[in-house]
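Survey of secondary and tertiary structure
Residue strings, one per chain:
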Amino acid sequence: MYRVVLKPSGLSYDVGPDDDLLSAAARAGIDVPAACRNGVCEICEARLLVGAVLNTRNQQKIPVTERLMMCRSRALGDLELEINAVMAAGNIQPRKFQAKVVDVRSISHDVFRVELQLPRRRELSFHAGQYLSVHLPDADPCYFSIASSPSEQNIELHIQASPDWVSAQKVIDALTTGGEVTLELPHGKACLAAAPAKPLLLVAAGTGFAQMKSLVDYLRGTSYDQPVKLYWGVRRHEDMYLRSLAQQWEQDWPPFTFLPVVGDDEDNDWGGHHDQLVRAVLASGMDWRNVEVHASGSPTMVYTLMDALTEAGLPEGAFFSDVLEYAPRS
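Bear in mind that the values here come from a model prediction, so they are computed numbers and not experimental data.

Attention now moves to the overall build of the chain. Per the secondary structure count, the chain includes 7 helices and 19 strands. Over its C-alpha atoms, taken along the principal directions, the chain stretches across nearly 70 × 50 × 40 Å. Sequence separation of 24 or more characterises 68% of the internal contacts of the chain that already satisfy a separation of 6 or more. As presented, the chain carries roughly 15,600 Å² of accessible surface, and 46% of it is formed by carbon and sulfur atoms. A gap of 8 Å separates the mean positions of the 30 positive and 42 negative side-chain charges of the chain.

As structure tokens, this is what we get:
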């Protein structure tokens, strides 16, 4: 196997001597723009910075500094390529889009599944685990995790709209009655632009499951085979609105393990310290020096978890959560 490094993003992946560079990138979960896959459209163009590459169309070596089509190129050793169209995690600039409301349906007592369609989907790029904002007239933006993989045509959201959450209920009402909605995306740096090199631990509280669904759907479309553990914490059994889906992942995808955590006690202060979820994660027996953690939930839960895991040996750079960006510690 050879190693391919993409500049300026810094993303890298492995490629075999018989693989074309584009297919190997796709298996690693790296989104290289492509269309025809036979070297005609030139969308997957890159420039060779270091290494040796064979043009499979004419069986000629490509000189360093020359351009190449990744779908028609094979590595002859380790490579460095320049391709500005590939972005590092969190580096895609947010843009506003008009989206068509395809479906709004209740999937639990207070969670709605929303499906949105963009007229020109190819113009939108985002990374698994990012989020978006919904913009309604005369209202502040409302932020929701994207629950779908970047490879899906439509955008999926999970919106919790309990009677006491006025802003979310207003969004559901607008989506139910309106044909279109204004979105701004993508947001967030706690995401995946390529399959990680380490085992993955996912920790979600409540509708934080939406972000984890995006990550899992994305990774299932790659060659990622490291262990993946998902801890999903809720206060009551009925709050685990897609438990059957997580159980199905566990049956269908060998690297995946699902560990539900439910605070059955009516007096359980689930909205407070989330100690039960954190204790369950700490008891997982993982090697904290060799794991990547993605967490989604309230700032209290996220910081309690981060402190516990770093104390247990997790490097700070291996913990990812949007909370660290939108609710930084003072």
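Below, the discussion takes up the packing of helix H5 (residues 275-282) against helix H6 (residues 299-312). It is at 10 Å that the axes of H5 and H6 come closest, and there the two elements cross at 30°. As the angle between them shows, H5 and H6 are arranged roughly parallel. Every pair of crossing elements has a handedness; the one defined by H5 and H6 is right-handed. Here H5 contributes Asp-275, Leu-277, Val-278, Val-281 and Leu-282 to the contact with H6, which in turn contributes Met-301, Thr-304, Leu-305, Ala-308, Leu-309 and Ala-312. Here the contact of H5 with H6 is composed, by residue class, of 9 nonpolar, 1 polar and 1 charged.

On to the sheet that holds strand S3 (residues 45-50), then. Ordered in space as S2-S1-S8-S3-S6, the 5 strands form an open sheet in which the pairing is mixed. The two strands at the open ends of the sheet, each matched to only one other strand, are strand S2 (12-15) and strand S6 (67-69). Between one strand and the next, the sheet's axes are offset by a mean angle of 40°, whatever the strand orientation. As defined by bridge partners, S3 adjoins S6 across 3 bridges and the pair is classed as antiparallel. Opposite Ala-46, over in S6, you have Leu-68 as the bridge partner.

Quick look at the side chain of His-135 now. Along the chain, the position of His-135 falls in strand S11 (residues 131-135). Within polar-contact distance, the side chain of His-135 engages the side chain of Ser-133 at 2.9 Å. What His-135 contacts, discounting residues up to four positions off in sequence, is Lys-96, Pro-141, Val-181, Thr-182, Leu-183 and Glu-184.

Glancing now at the packing of aromatic side chains. Geometrically, a pair of aromatic rings is defined through the distance of the ring centres and the angle of the planes. Using the criterion set out here, one finds 7 aromatic pairs in the structure. With a centroid separation of 6.0 Å and 75° between ring planes, the pair formed by Tyr-131 and Tyr-143 is classed as edge-to-face. Residue Tyr-131 is located in strand S11, and its partner Tyr-143 is located in strand S12 (residues 142-145); the two are separated by 12 residues in the primary sequence. Judged by its relative accessible area of 13%, Tyr-131 falls in the buried class. Judged by relative accessible area, which is 48%, Tyr-143 ranks as partly exposed. Each ring, one from Trp-249 and one from Phe-256, has its centre 5.6 Å from the other, and the planes form 90°; the classification is edge-to-face.

Alignment of strand S16 (residues 228-234) against strand S17 (residues 256-262), held across 7 bridges, turns out to be parallel. The residue of S17 that forms the bridge with Leu-230 is Phe-258. Crossover handedness for the path S16 to helix H4 (residues 243-252) to S17: right-handed.

Throughout the structure, instances matching the rule amount to 16 salt bridges. Its salt-bridge partner being Asp-19, residue Arg-27 comes within 2.9 Å of it at the nearest N-O pair. Judged by relative accessible area, which is 36%, Arg-27 ranks as partly exposed. Owing to a relative accessible area of 23%, Asp-19 belongs among the partly exposed residues under this scheme. With a closest N to O distance of 3.4 Å, Arg-236 and Asp-239 form a salt bridge. You can call Asp-239 buried: its relative accessible area is 15%.

The rules behind the values
- Residue numbers run consecutively from 1 along every chain, following the written order of its sequence.
- A pLDDT threshold of at least 70 governs which residues receive local features in this predicted model, and a stricter bar of 80 or more applies before side-chain atom pairs are shown or counted, although totals over entire chains, interfaces and linings include all residues.
- With hydrogens and water stripped out, all remaining heavy atoms of the structure feed into the side-chain values.
- Think of it this way: any DSSP run of H or I at least four residues long counts as a helix, any run of E at least two long counts as a strand, and we number them from the N terminus.
- Throughout, a contact is declared for two residues whenever any of their heavy atoms are within 4.5 Å.
- Methods summary: accessible areas were calculated by the Shrake-Rupley approach with a probe of 1.4 Å, and residue burial reflects only the protein chains presented.
- His is not counted, nor are the chain ends, whereas Lys and Arg count as positive and Asp and Glu as negative.
- Lysine's charge is taken at NZ, arginine's at CZ, aspartate's at CG and glutamate's at CD.
- Angles here are taken between N-to-C directions and fall from 0 to 180 degrees, while the axes themselves are lines fitted to C-alpha atoms, restricted in helices to the stretch in contact.
- Roughly parallel here means an angle under 35 degrees, roughly antiparallel means over 145, roughly perpendicular means 65 to 115, and every remaining angle is called oblique.
- Should the near helix be turned anticlockwise from the far one by less than a right angle, the crossing is left-handed, and should it be turned clockwise, the crossing is right-handed.
- Polarity classes work like this: nonpolar for Ala, Val, Leu, Ile, Met, Phe, Trp, Tyr, Cys and Pro, charged for Asp, Glu, Lys and Arg, and polar for all others, with Gly in that last group.
- Strands pair, by our definition, only if DSSP identifies at least two bridges between them.
- Nitrogen and oxygen atoms within 3.5 Å of one another constitute a polar contact, given that in protein one can donate a hydrogen and the other can accept it, and given that sequence-neighbouring residues count only through two side-chain atoms.
- Think of it this way: a Phe, Tyr or Trp ring, Trp meaning its six-membered ring, pairs with another when their centres are within 6.5 Å, and the plane angle makes it stacked under 30 degrees, edge-to-face over 60, tilted otherwise.
- The buried label goes to any residue with under 20% of its type's maximum accessible area, the exposed label to any with over 50%, and the partly exposed label to all in between, with areas taken from a 1.4 Å probe on protein chains only.
- By convention a crossover is right-handed if, when the strands point away from the viewer, the path from the first strand over the helix to the second runs clockwise.
- In the sections that follow, a salt bridge refers to a side-chain nitrogen of Lys or Arg positioned within 4 Å of a carboxyl oxygen of Asp or Glu.

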